[in-house]
Amino acid sequence: MFRGGLAHTGRYSGAGLRAAPRVAWRFHTGGRIFGSPAIARGAAFIGSADGYVYAVDAASGALRWKARTGGRVASSPAVAGDRVFVGSYDGKLYALDAASGTVAWTFRTGGERRFAGRHLHGFPPDAETMPDP
């Protein structure tokens, strides 16, 4: 759990790492990556600002498939069963087949609502109004 538990103390009961992790592979998309990957079915599913959702083999880093959306993908995908769900800046939620990347269906949302506020996410300065990144 984030920061070691509900109290967010940063303490973990498990043993520490025995050796520093090493990069196993790298994969480059055609744009920036803002969300976290979803790891399931032996793949890493990741959205990119180039408008694609990528399925990358988790062991080798090889591309399995990529699926085009109508806009940037800044959200983190979610996986349930044989579907990958991801929101796109085109205002749609996409349900993709996890094995092939084929679009199973789309749902038009109300689109993104941008807002600003003070001390968002704890970033200083406290009194400055800033847009939500």
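Attention in this report is confined to the structure presented alongside it.

What counts, and where the lines are drawn
- Residues numbered from 1 in each chain as written.
- Predicted model: local features only at pLDDT ≥ 70, side-chain atom pairs only at ≥ 80, totals over all residues.
- Heavy atoms only, no water.
- Pairing = 2+ DSSP bridges.
- Helix = DSSP H or I, 4+ residues; strand = E, 2+ residues; numbered from the N terminus.
- Axes fitted to C-alpha atoms, helices over the stretch in contact; angles between N-to-C directions.
- Salt bridge = Lys/Arg side-chain N within 4 Å of Asp/Glu carboxyl O.
- Core = buried A, V, L, I, M, F, W, Y, C linked by side-chain atoms within 4.5 Å.
- Buried < 20%, exposed > 50% of the residue type's maximum accessible area, 1.4 Å probe, protein only.
- Contact = heavy atoms within 4.5 Å.

With that settled, consider the sheet that holds strand β4 (residues 63-68). In space, the four strands of this open sheet follow the order β1-β2-β3-β4, with antiparallel pairing throughout. Taken across any chain shown, the strands that pair with only one partner, and hence form the sheet edges, are β1 (38-40) and β4. Mean inter-strand twist for the sheet, computed between neighbouring axes without regard to direction, equals 20°. Inspection of the sheet shows β1 paired to strand β2 (residues 43-47) by three bridges, in the antiparallel sense. Along β2, the bridge assignment pairs Ala-38 with Phe-45.

Taken as a whole, this structure holds three salt bridges when the rule is applied. In this structure, Asp-57 engages Arg-64 in a salt bridge whose closest nitrogen and oxygen atoms are separated by 3.0 Å. Through salt bridges with shared partners, a single network forms among Asp-82, Arg-83 and Asp-97.

Attention now goes to the nonpolar core. Counting residues in hydrophobic clusters, the biggest one holds 13 residues, and the most contacted among them are Phe-45, Val-53, Trp-65, Val-84, Val-86 and Leu-96. Put simply, the parts of the chain that give this core at least two residues each are β2, β3 (52-57), β4, β6 (83-87) and β7 (92-97). Not counting residues within four places of it along the chain, the set of residues in contact with Phe-45 comprises Ser-36, Pro-37, Ala-38, Ala-40, Tyr-54, Ala-55, Trp-65, Pro-77, Val-79, Val-84 and Ala-98.

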